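Residue-level listing of the chains:
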Amino acid sequence: MERAADVAIVGGGVIGCAVAYELARRGVRAVVLERGRVGAEASSASAGMLAPLTEASSLGPLVGPALAALERHRELAEAVREDAGIDVELRETGILRAAFDEAEAADLRERLAWQGGLLPLYWLDGPAARAEEPALSPEVTAAVLSPREAQLNPGRLVEALAAAAVHRGATVEEGVEVDGLLTQGHRVTGVRAGSRTWAAGTVVLAAGSWSGLYGSWLGLRLPVRPVKGQILA
């Protein structure tokens, strides 16, 4: 059976569902094909930190996009709440990065030197840090407070993106394991899952850590692989 879409998206994690939602908002017919359940793998196991500066050790190429994403999440959270009725639990609770000795304090100062103009950041000595967070160890000597960094519930985000995409006209199909691409000459024209096919003008590979396997269909080496991890919620 052949089904048609403007865009076929392989993978129903946060990226695949976000792509489907943004396409559907623009009137593009999109289908998400997920081999298991939407958001059941790495997307739901994320800690949900929106912390571009906390996770950056230098001013690399990802810092700018990460800062833009932090701002975009506020608009996105409201948009999916309107379209799907789901609260992704975005909370701007801030982050306190603590130092226990002079070496760690020096590292905080070094980061503050290049991060200071990117988001509001505040240097705190030990007593001021404990006034901000009384549960801190008395051994904390200094800290940097980053009040704009945030958090959300990653499982609810994927759920909301998928539901909002469907609300806008996208299709989400679970239990569909794509096992090949449809091609004409050098052009990809769709995807195949067993005896089922989907014709599509564009195919998006959003299979997360499994994308390396799918790259081989195109003769590409994508250096991505799954690794084991756990999270307690």
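Description of the structure in this document.

### Things to note about the sheet that holds strand 10 (residues 187-193)
Strand pairing in a sheet relies on backbone hydrogen bonds. The paired strands run either parallel or antiparallel. If you walk across this open sheet you meet the six strands as 8-2-1-11-10-9, and the pairing is mixed. One side of each edge strand has no neighbouring strand; the edge strands of this open sheet are strand 8 (171-174) and strand 9 (180-184). Across the sheet, the mean angle separating the axes of adjacent strands is 40° when strand polarity is ignored. Relative to strand 11 (residues 196-205), strand 10 is paired through four bridges, and the arrangement is antiparallel. By the bridge assignment, Gly-190 is partnered in strand 11 with Ala-199. Along the sheet, helix 1 (residues 14-25) makes contact with strand 1 (2-10) and strand 2 (30-34), crossing strand 1 at roughly 120°.

### Quick look at the pattern of salt bridges
Tallying each qualifying case throughout the model produces 20 salt bridges. When the shortest N-O distance is used, the salt bridge between Arg-74 and Glu-92 registers 2.5 Å. Of this pair, Arg-74 sits in helix 3 (residues 63-84) while Glu-92 sits in the loop between helix 3 and strand 4 (95-99), and the two are 18 residues apart along the sequence. On the basis of relative accessibility, which here comes to 26%, the residue Arg-74 falls in the partly exposed class. Ionic pairing is found between Glu-173 and Arg-196, a salt bridge with its closest N-O pair at 2.8 Å. With Glu-173 in strand 8 and Arg-196 in strand 11, the pair connects residues that are 23 residues apart, well separated along the chain.

What counts as what
- Residues numbered from 1 in each chain as written.
- Predicted model: local features only at pLDDT ≥ 70, side-chain atom pairs only at ≥ 80, totals over all residues.
- Heavy atoms only, no water.
- Pairing = 2+ DSSP bridges.
- Helix = DSSP H or I, 4+ residues; strand = E, 2+ residues; numbered from the N terminus.
- Axes fitted to C-alpha atoms, helices over the stretch in contact; angles between N-to-C directions.
- Contact = heavy atoms within 4.5 Å.
- Salt bridge = Lys/Arg side-chain N within 4 Å of Asp/Glu carboxyl O.
- Buried < 20%, exposed > 50% of the residue type's maximum accessible area, 1.4 Å probe, protein only.

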